[in-house]
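These are the residues of each chain, in order.
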Amino acid sequence: VEKAREQVANLIGAEPNEIIFTSGATESVNTVLKGIYKAYKTKGNHIITVSTEHKAVLDTCKYLEEEDAEITYLNVDKEGLIDLDELKAAIKPTTILISVMAANNETGVIQPLEEISAIAKEHKILFFSDATQFIGKTQLDVNDLGIDCLSLSAHKFYGPKGIGALYLRRKDPRVNIVSLLHGGAQENSHRAGTLNVPLIVGLGKACEIAKAEMWDNNTEVSKLRAYFEHQILDIEGLRINGSTKNRLYNTSNITFPRSFDIKVLLQEFAFSSGSACSSGTAEPSHVLKSMGLHNDEIRNSYRFSFGKFNTLDEVKRLTNHLLSAF
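Treat the numbers as computed from the prediction; the structure is a model and nothing was measured.

## Some details on the overall build of the chain
- Counting its secondary structure elements, the chain contains 11 helices and 10 strands.
- If you line up the chain on its principal axes, its C-alpha atoms span 60 × 45 × 30 Å.
- Taking all 326 residues of the chain together, 52% fall into the buried category.
- Partitioning the intrachain contacts of the chain with sequence separation of at least 6 by distance along the chain shows that 72% fall at a separation of at least 24.
- With an accessible surface of roughly 14900 Å², the chain has 49% of that area assigned to carbon and sulfur atoms.
- For the chain, the distance from the average site of its 36 positive side-chain charges to the average site of its 41 negative ones is 2 Å.

Structure (structure tokens):
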């Protein structure tokens with residue numbers, strides 16, 4: 001367990017005693033948002049987040065609103081990026097936390113973390129980033145970026161499902177939380193309960209492998225995504241959603257000019273109409289809606305994600321299917 005803690009810390013530039021093992025990013029998010037709100041309630045009740053956050057953040061914020069928290073939801077532009085001036089304007093004397101995800105789970109858009117952190121530090125406000133989509137794909141150092149709290153899940157970078165971690169800064173500033181679970185002193189009394197040793201070991205090993213393979217994966221998977229997008233851009237009226245400059249190398253969110261029979265593709269390929277966490281719902285993507293897309297455009301939008309086990313032949317078959325449909 002302690003070796004795994006070191007492996008997780010090494011991946012994100014933290015100290016091992018700043019890592020808390022959880023069941024995944026959803027638990028980490030709940031622990032941070034609820035725990036900080038309760039611990040800093042005497043200082044203020046205001047939290048700033050973004051309209052395109054993962055449902056784990058948005059639904060937890062809705063819960064906190066019922067507990068008398070004041071939540072500000074920042075807008076995003078058509079590229080999915082926040083306006084830093086809007087963030088500055090939203091800050092109040094009662095603001096205790098800024099919560100902005102590192103990279104969006106539907107579009108891959110990366111927010112300006114360093115600039116957000118600088119604003120938070122200037123006003124002595126804690127900065128939490130849900131980095132679930134980011135970690136393991138691109139290098140991140142919590143000290144270089146000034147992140148005070150961070151969540152991650154192993155299965156996003158080829159580790160086992162059902163295990164994740166929470167990073168809590170221990171100095172300059174020391175982050176205090178009220179624990180979500182009680183009944184034991186495990187994880188520095190932050191997370192009671194028997195540790196799931198096999199999954200923790202799996203998470204640690206996944207972190208070690210991700211760090212070793214990061215640049216190679218970035219290079220190879222980028223080529224697959226670039227080939228995919230280059231080929232299908234011949235489809236008239238097709239649009240890539242989100243910033244193409246500030247984006248993870250593996251994600252491609254596409255709006256097609258009209259609907260097509262996806263059943264043929266689903267026989268061979270797995271992709272999503274939104275995030276995997278909400279693809280079973282009938283509601284249009286809140287992320288694309290926040291970026292200004294209309295419902296009919298959202299219904300014709302799909303997310304394609306590429307990984308290190310994908311091949312160019314697979315991508316060629318996918319693009320051929322899509323091209324033949326239009």
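## Comments concerning the nonpolar core
- Ile 12, Leu 140, Leu 150 and Leu 203 are the most contacted members of the largest nonpolar core, which totals 52 residues.
- Among the elements that line this core, the one with the most residues is helix H7 (residues 197–232), at 6 residues.
- Among the nonpolar cores identified, the runner-up in size contains 23 residues, and Tyr 37, Ala 69, Ile 71 and Cys 149 belong to it.

## Comments concerning the sheet that holds strand E8 (residues 239–240)
- The 3 strands are arranged E8-E9-E10 in an open sheet whose pairing can be described as antiparallel. If you trace the sheet from one side to the other, it starts and ends with E8 and strand E10 (301–305), each paired once.
- With 5 bridges joining them, strand E9 (residues 251–255) and E10 adopt antiparallel strand pairing. Residue pairing in the sheet places Thr 251 in a bridge with Ser 305 of E10.

## A closer look at the side chain of Ser 301
- Among the structural elements, Ser 301 can be located in strand E10.
- Exposure remark for Ser 301: the relative accessible area of 2% places this residue in the buried category.
- For Ser 301, the side chain forms a polar contact with the side chain of Thr 255, separated by 2.6 Å.
- Only 2.7 Å separates the side chain of Ser 301 from the backbone oxygen of Glu 297, close enough to count as a polar contact.
- Apart from the residues lying within four places of it in its own chain, the contact partners of Ser 301 are Asn 241, Asn 253, Ile 254, Thr 255, Ser 272, Ser 273, Leu 288 and Leu 293.

## Notes on the side chain of Ser 117
- By the secondary structure assignment, Ser 117 is in helix H5 (residues 113–122).
- Look at Ser 117 and you get buried, because its relative accessible area is 4%.
- Setting aside residues no more than four positions away along its own chain, Ser 117 makes contact with Phe 127, Leu 145, Gly 146 and Ile 147.

## Thoughts on the pairing of strand E3 (residues 70–74)
- Note that strand E2 (residues 46–50) and E3 share 5 bridges and pair parallel. Considered in E3, the bridge of Val 50 is made with Leu 74.
- The handedness of the E2 to E3 crossover, carried by helix H3 (residues 55–66), is right-handed.

## Structural notes on the pairing of strand E4 (residues 95–99)
- The element E4 is largely enclosed, with a buried count of 5 among its 5 residues.
- For E2 and E4, the ladder comprises 3 bridges, and the chain directions are parallel. When the sheet's bridge partners are listed, His 46 is paired in E4 with Thr 95.
- Each parallel crossover has a hand, and the one from E4 via H5 to strand E5 (residues 126–130) is right-handed.

Calculation rules
Residues numbered from 1 in each chain as written. Predicted model: local features only at pLDDT ≥ 70, side-chain atom pairs only at ≥ 80, totals over all residues. Heavy atoms only, no water. Helix = DSSP H or I, 4+ residues; strand = E, 2+ residues; numbered from the N terminus. Buried < 20%, exposed > 50% of the residue type's maximum accessible area, 1.4 Å probe, protein only. Contact = heavy atoms within 4.5 Å. Areas by Shrake-Rupley, 256 points an atom, 1.4 Å probe, with all protein chains shown as cover. Lys, Arg positive; Asp, Glu negative; His and termini not counted. Charge placed at Lys NZ, Arg CZ, Asp CG, Glu CD. Core = buried A, V, L, I, M, F, W, Y, C linked by side-chain atoms within 4.5 Å. Pairing = 2+ DSSP bridges. Polar contact = N/O pair within 3.5 Å; in protein donor to acceptor, adjacent residues only side chain to side chain. Right-handed = clockwise from strand over helix to strand, strands pointing away.

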